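The primary structure of each chain is shown beneath.
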Amino acid sequence: MAAPTHGAVVVGVGRSDEDLQLIRTAAGEAAAHHRPLHLLHAFNWQAALEAPSVTGPRTIAEDLLERAAKVAAETSPEVPVSGEIVEGSPVEALIRASDSAFLVALGDGGMAACGACVPADAPAVQLAARAGCPVLVARGEPPPPGPLLVGVDGSVSSRAALGYAFDCAEQRQARLLAIRAVEPNHHDGDDNLLERAVARHSTRHPRVAAECHTVRGDPSTVLVDQSRSAQLTVVGARGDAPLRGMLGAVSQSLLYHSPGPVIVVRGLDPEPEDGS
C-alpha cells in the first residue's frame, strides 16, 4: 500500500500516569513496523516564566522524557528512541510532526470511560481529525489479546484502512477481523463487497489469517461492540471525504467508546482495486 517510506512513530508525552501505557503501545507499534520512536513533549514557556524558577518546569519536562524513554526501552529494546521538548500545544506539535511521521500517537485523556460527556475538542479527537498521517489513540489499560479489527464500508477511506490493517496484522502476526456493518434498511446491491476486498489483500498477505463478516446494524454500535475484544481497531477517518479537519461518525464513536487502542488511518492512498 502507499504507506510512508520514512518517518518515526511520534508520541505525545504528557504528565499523566496513563501515558506509561501510551508509551508501551506506541513502542510496540514502532517495533512491529521497524520504525524509530520519537518522544515529543510540549512545553508551556508562559507557565514556566510564571513559576518561581524557570529551571523547575524544564527539569520536570526532561525527567518525563527520560522516564518515557526507559519505559519504551523496557517494552521494545530493539527500537531506537529519541526525545524532543517543543513549545506550544501538544496537539499542534503532533500535527506538525504528522507531515513527516509514519504514525503519531496520543493518549485518550480518559475519554473511553467518560460515557457521553466527551467534548468535541478533546485533544485525541482534534489530532485524529487534522493529522497528515495515521493516528494512534491509546488507552490507559493494556488491550486484550484478541484479533486486529478493521471496519470496511467500501469507501476510499476504508479501503486505505483495510490495506493498513493487513500490514499491521502481518507485522504483529495477528489474526485480522474485517467487519462491514450495514444499516438494516440499506440495500446497495453488493453483498460480496467485503469478501472481494479481503480476498485481494489476502493474496498479497498470505501469512495473515483473515476473516470477514457483513453485519446488519448501526455501524458505530457494531464496531464499538466488536472492538471490546480486539487488540487494535483500525478505521478510516471518514467514509466519503477523509480530508484534514474531518472525522466520520464511526471513527468518532470508536475514539470515544472503544476500550482498546484505535488507529484512524489518514494521509494514505488505497491500493488500486484491480491490484495494479
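Summarised in this report is the structure supplied together with it. Just so it is clear, the model here is predicted, and its values are computed rather than measured. Sequence positions are assigned chain by chain, starting from 1 and proceeding in written order. Side-chain atom pairs in this predicted model are given and counted only at pLDDT of 80 or more, local residue features only at pLDDT of at least 70, and totals for whole chains, interfaces and linings cover all residues. Side-chain descriptors were evaluated using all non-hydrogen atoms of the structure, hydrogens and water having been removed beforehand.

This next bit is on the overall build of the protein. Looking only at helices and strands, the protein features nine helices and ten strands. Each of the 276 residues in the protein was classed as buried or not, and the buried ones make up 49%. Partitioning the contacts of the protein with sequence separation of at least 6, the portion at a separation of at least 24 is 80%. If you sum the accessible surface of the protein, you get close to 12400 Å²; carbon and sulfur atoms cover 52% of it. Numbered from the N terminus, helices here are DSSP runs of H or I no shorter than four residues, and strands are runs of E no shorter than two. Between buried and exposed lies partly exposed: a residue is buried under 20% and exposed over 50% of the maximum accessible area for its type, with that area taken using a 1.4 Å probe on protein chains only. For this analysis, residues touch if any pair of their heavy atoms sits within 4.5 Å. All accessible areas in this document rest on Shrake-Rupley with a 1.4 Å probe, and a residue is counted as covered only by the protein chains that are shown.

Structurally, Asp167 is set in helix H6 (residues 156-172). We count Lys and Arg on the positive side and Asp and Glu on the negative side, and we leave His and both chain ends out. Each reported salt bridge corresponds to a side-chain nitrogen of Lys or Arg within 4 Å of a carboxyl oxygen of Asp or Glu. With no salt bridge to any partner, buried Asp167 finds its closest opposite charge in Arg35, at an N-O distance of 8.7 Å. Side chain to side chain, Asp167 and His205 meet in a polar contact 3.4 Å long. In protein, a polar contact requires one atom able to donate a hydrogen and another able to accept it; more generally it is a pair of N or O atoms within 3.5 Å, and residues adjacent in sequence count only if both atoms are side-chain atoms.

What follows covers the nonpolar core. Side-chain atoms within 4.5 Å link the members of a nonpolar core, which is a set of buried Ala, Val, Leu, Ile, Met, Phe, Trp, Tyr and Cys residues. Counting 46 residues, the largest nonpolar core has Leu37, Val150, Tyr164 and Val234 as the members making the most contacts within it. When residues of this core are assigned to their parent elements, the largest contribution, eight residues, is made by H6. Residue ranges for the domains originate in an automatic or database domain assignment. Both domains that meet at this core, namely domain 1 (9-138) and domain 2 (148-262), each give it at least three residues. Excluding anything up to four places from it in sequence, Leu37 contacts Val9, Val11, Ala26, Ala27, Ala30, Ala72, Val79, Pro80, Val81 and Ser82. Val10, Ala93, Ala97 and Ala237 belong to the second-largest nonpolar core, a separate cluster that totals 39 residues.

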